[in-house]
Amino acid sequence: MKIALAQLNYHIGNFEQNEEKILKAIDLAKQANANLIVFAELAIGGYPAKDLLRNAVFLDQCQQSLSRIATRCDTIDCIIGAPIRNGREEGKALSNAAVVLSKGKVQNSYKKSLLPDYDVFDEYRYFEPNRDLHCIELSDLKIALTVCEDLWDNDQDNSYKGDLMLELAQEKPDLIINIAASPFSYVHYEKRIAVLSANALKANAPLIYVNQVGAHTDIIFDGRSLAMTKSASIIAELQAFEEDLQYVTLERGDLQPNIDFRPEELTETARIHQALILGMKDYFSKSGFKKAVLGLSGGLDSAIVAALAVEALGADNVLAVLMPSVYSTEHSLKDALDLVNNTSCQHLVLPIKEIAQSFEETLSDAFKGLSADTTEENIQARTRGTLLMAISNKFGHILLNTSNKSEAAVGYGTLYGDMAGSLSVIGDVYKTQAYELAKYINREREIIPINTIVKPPSAELRPDQKDSDSLPDYAILDAILYQLIELEKSGSEIIHLGFEEQLVRRVTKLVNNAEFKRFQAPPILRVSPKAFGSGRQMPLVAKFSF
């Protein structure tokens, strides 16, 4: 049996475009004499469709699209993910299904058993879990057909107890097929391989895994669909962060190796870089925008975002706005202009000294007798935010936010100022990771000026200001934040790891107190196992023990 793995970039709700891609892949697979083509989880409709899954018109369009695709599957079998109505009064109205198309119509389906409700997932909100586990019969093969989480951690699911694959393995499947919408994080790939390998060995059966690729606002899918022998050897892997269509052959009871397509392994920083590029490309293309604007300070974070935006969108589509204040140094302005020259992006210089002074003069009577503090500093940041949003409105550019994860975590940012934006590009990248990302961007030539990378970071909102005046050293801060956020450890547990107690208490308090700021922040491109946003939901006002 020749099997096509179709790894496509879907657009949620864009049935015409998605259907065109799917049908093209089917036609190519038929031309290649493939017997079966496999698409990703919820390819019909897109993932995550969220509350569109409660919209009757959306669900009708899913069904109509599925029926039209089925008619093209006359000489080829197809497995594709779709939401399907259960037609039952009890439980949820929908199932997340792997649908089997053959002989021009829908023949069968397998409904997802394990519905994740952690991190960015909320599938119990929409879907009814399957409790009737069986392999399916297709072309004289017994297939253990599963959907994404079905091969993962059963403890996350409250409706099914036991080992799903062990149960399916009792039927001695000839092949495991797992269709997935498995979001990217820079630590996820190794875990994914371990899970898939364990299941192949458990069932003593070869395995095909087809994942989505593309970005839907904050969530990014890396693709990397693959084929694995019954001994858990990867014989084929599709491209990372790109659409791809490849073929494998099932014969003599196993998948046969094809050494022609196995991409080069990526470092963690390279993965982050590719994910951010894809995240920006899809955010703009799927929202119908082409041009971006951002504030360029001469600092590391805005330089990284500018460089990434130029790579993702093209230099002519990126406008960098330099807004020097009375506290901006000459070298910061030079560093910003050097980056403009290195990237060939568009730029404007809009000094804010007089604008900020006019705010202070207007407020002078109200603030009479009070000394200057962060209020005056924030006026500068909000002046910049106002100018950037004016340009965004006037020219129809999307404003890119340039805050990093370290700053977002501890609230080191100004609401309606440097926190403004429609998309946070590096809001899931710690400052220590940002330095590595800058070096990676410069891997072939100097794009980000070296001085931008090596100079002490500063907001330049007061004389001789440095980030270190307000924050711990980033190496220590990020280590604590990683334990607190990604690993979800308590302050007490972090102290037991050897971190200084007073510092942990301070950082924990800063993170908790900044929740109201993050609640109002733009969506963040998710590249870590725990990003701010839908995957980390915390109360804005709470009192709890350390």
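Residues numbered from 1 in each chain as written. Predicted model: local features only at pLDDT ≥ 70, side-chain atom pairs only at ≥ 80, totals over all residues. Heavy atoms only, no water.

## Comments concerning the overall build of the chain
Here's step 1: When helices and strands are counted, the chain shows 16 helices and 20 strands.
Here's step 2: For the chain, the C-alpha atoms occupy an extent of roughly 85 × 50 × 45 Å along the three principal directions.
Here's step 3: By the burial criterion, 56% of the 546 residues in the chain qualify as buried.
Here's step 4: Partitioning the intrachain contacts of the chain with sequence separation of at least 6 by distance along the chain shows that 75% fall at a separation of at least 24.
Here's step 5: Accessible area of the chain: about 23,600 Å², with a carbon and sulfur share of 50%.
Here's step 6: Charged side chains of the chain number 56 positive and 73 negative; the gap between the two group centres comes to 2 Å. (Helix = DSSP H or I, 4+ residues; strand = E, 2+ residues; numbered from the N terminus. Buried < 20%, exposed > 50% of the residue type's maximum accessible area, 1.4 Å probe, protein only. Contact = heavy atoms within 4.5 Å. Areas by Shrake-Rupley, 256 points an atom, 1.4 Å probe, with all protein chains shown as cover. Lys, Arg positive; Asp, Glu negative; His and termini not counted. Charge placed at Lys NZ, Arg CZ, Asp CG, Glu CD.)

## Things to note about the pattern of salt bridges
Oppositely charged side chains can pair when the atoms bearing their charge come close.
Here's step 1: Overall, the coordinates contain 30 salt bridges when judged by the stated rule.
Here's step 2: We note a salt bridge from Asp60 to Arg85, for which the minimum N-O separation is 3.0 Å. Here Asp60 is found in helix H2 (residues 56–72), whereas its partner Arg85 is found in strand S3 (residues 77–85), with 25 residues between them in sequence.
Here's step 3: For Arg85, a relative accessible area of 44% translates into the label partly exposed.
Here's step 4: Residue Lys530 pairs with Glu488 through a salt bridge whose shortest N-O separation is 3.9 Å. Of this pair, Lys530 sits in the segment after helix H16 (515–519) while Glu488 sits in the loop between helix H13 (474–484) and helix H14 (491–496), and the two are 42 residues apart along the sequence.
Here's step 5: One continuous salt-bridge network, built from bridges that share partners, spans Glu190, Arg224, Glu237, Glu265 and Arg271. (Salt bridge = Lys/Arg side-chain N within 4 Å of Asp/Glu carboxyl O.)

## Remarks on the side chain of Asn442
Here's step 1: Of note, Asn442 is situated in the loop between helix H11 (431–441) and helix H12 (450–454).
Here's step 2: Under the relative-accessibility criterion, Asn442 is labelled buried at 14%.
Here's step 3: Excluding its chain neighbours within four sequence positions, the residues that come into contact with Asn442 are Ile447, Ile448, Ile450 and Ile453.

## What about the sheet that holds strand S4 (residues 94–102)?
Here's step 1: In space, the seven strands of this open sheet follow the order S5-S4-S3-S2-S1-S14-S15, with mixed pairing throughout. In this open sheet, the two edge strands, each paired with only one partner strand, are strand S5 (105–111) and strand S15 (254–255).
Here's step 2: Here helix H1 (residues 15–31) sits on the sheet in contact with strand S1 (2–7), strand S2 (36–38), S3 and strand S14 (244–251), set at roughly 45° to S14.
Here's step 3: Contacts from H2 reach S3, S4 and S5 within the one sheet, and its direction differs from that of S3 by about 160°. (Pairing = 2+ DSSP bridges. Axes fitted to C-alpha atoms, helices over the stretch in contact; angles between N-to-C directions.)

## Quick notes on the sheet that holds strand S19 (residues 398–401)
Here's step 1: One open sheet holds the five strands; their spatial order is S18-S17-S16-S19-S20, and the pairing between them is parallel. Each of the sheet's edge strands pairs with one partner strand only, and the pair in question is strand S18 (346–349) and strand S20 (423–424).
Here's step 2: Sitting on the sheet, helix H6 (residues 300–313) is in contact with strand S16 (292–295), strand S17 (318–322) and S19, with an inclination near 170° to S16.
Here's step 3: On top of the sheet, helix H7 (residues 330–343) reaches S17 and S18; it is set at about 165° to S17, its chief contact.

## With respect to the packing of aromatic side chains
Here's step 1: Within the structure shown, the criterion is met by six aromatic pairs.
Here's step 2: With a centroid separation of 6.2 Å and 55° between ring planes, the pair formed by Tyr47 and Phe221 is classed as tilted. On the criterion of sequence distance, the pair formed by Tyr47 in the loop between S2 and H2 and Phe221 in strand S11 (residues 219–222) is long-range, its members being 174 residues apart. Comparing Tyr47 with Phe221 shows no difference in burial state: the two are buried.
Here's step 3: Ring centres of Tyr283 and Phe284 lie 6.1 Å apart, and the angle between their planes is 75°; this geometry places the pair in the edge-to-face category. Phe284 carries the same exposure label as Tyr283, and that label is buried.
Here's step 4: Geometry around Phe532 places Arg518 over its ring, the cationic atom sitting 4.5 Å from the centre. (Phe/Tyr/Trp six-rings, centres within 6.5 Å; stacked < 30°, edge-to-face > 60°. Lys NZ or Arg CZ within 6 Å of the ring centre and 35° of its normal.)

## So, a nonpolar patch on the surface
Here's step 1: A cluster of nonpolar residues, Phe516, Phe519, Leu540 and Val541, forms a patch on the protein surface that exposes about 460 Å² of accessible area.
Here's step 2: Owing to a relative accessible area of 39%, Leu540 belongs among the partly exposed residues under this scheme. (Patch = residues over 30% accessible without salt bridge, like charges linked within 9 Å, V, L, I, M, F, W, Y side chains within 5 Å.)

## Description of empty space enclosed by the protein
Here's step 1: Taken as a whole and judged by the stated rule, the model has one cavity of 30 Å³ or more.
Here's step 2: There is about 40 Å³ of room inside the largest cavity.
Here's step 3: Lining the largest cavity, in full, are Leu42, Ile44, Gly45, Gly46, Tyr47, Ala49, Leu53, Phe58 and Pro83. (1 Å grid on protein atoms, 1.4 Å probe; cavity = no way out; pocket = protein on both sides within 12 Å on 5 of 7 lines; lining within 4 Å. Points joined across faces, edges and corners; volume = space filled by probe spheres on them.)

## Some points on the nonpolar core
Here's step 1: If you look at the biggest cluster of nonpolar residues, it comprises 96 residues, and the most contacted ones within it are Ile37, Phe39, Ile79, Ile80, Ile177 and Ile208.
Here's step 2: Setting aside residues no more than four positions away along its own chain, Ile79 makes contact with Leu36, Ile37, Val38, Phe39, Ala98, Val99, Val100, Leu138, Leu145, Ile177 and Ile179.
Here's step 3: Of all hydrophobic cores here, the second largest spans 56 residues; its members include Ile272, Val305, Ile447 and Ile448. (Core = buried A, V, L, I, M, F, W, Y, C linked by side-chain atoms within 4.5 Å.)

## Digging into the environment of Ile3
Here's step 1: You can see Ile3 is positioned in strand S1.
Here's step 2: For the pair Ile3 and Leu255, spaced 252 residues apart in sequence, the C-alpha to C-alpha distance is 9.7 Å.
Here's step 3: Sequence-distant contacts of Ile3, that is, excluding residues within four places in its chain, are made with Leu36, Val38, Leu175, Ile208, Gln246, Tyr247, Val248 and Leu250.

## Some remarks on the packing of H1 against H2
Here's step 1: Look at H1 against H2: their axes get within 10 Å of each other, and the N-to-C directions meet at 20°. Judged by the inter-axis angle, H1 sits roughly parallel to H2. Note that H1 runs across H2; the crossing there is right-handed. Taken together, the residues of H2 that come into contact with H1 (itself represented by Phe15, Glu19, Ile22, Leu23, Ile26, Asp27 and Lys30) are Phe58, Gln61, Cys62, Ser65, Arg68, Ile69 and Arg72.
Here's step 2: For the contact of H1 with H2, a count of residues per class yields seven nonpolar, two polar and five charged. (Parallel < 35°, antiparallel > 145°, perpendicular 65-115°, else oblique. Left-handed = near helix turned anticlockwise from the far one by under 90°. Nonpolar A, V, L, I, M, F, W, Y, C, P; charged D, E, K, R; others polar.)

## Quick notes on the pairing of S19
Here's step 1: Burial of S19 is two-sided: the residues Ile398 and Leu400 facing one way and the residues Leu399 and Asn401 facing the other way are all buried.
Here's step 2: Bridging between S16 and S19 involves two bridges; their strand directions are parallel. Counted as the bridge partner of Val293 is Leu399 from S19.
Here's step 3: Looking at chain direction, S19 and S20 are connected through two bridges and run parallel. Paired with Leu400 across the strands is Leu423, a residue of S20.

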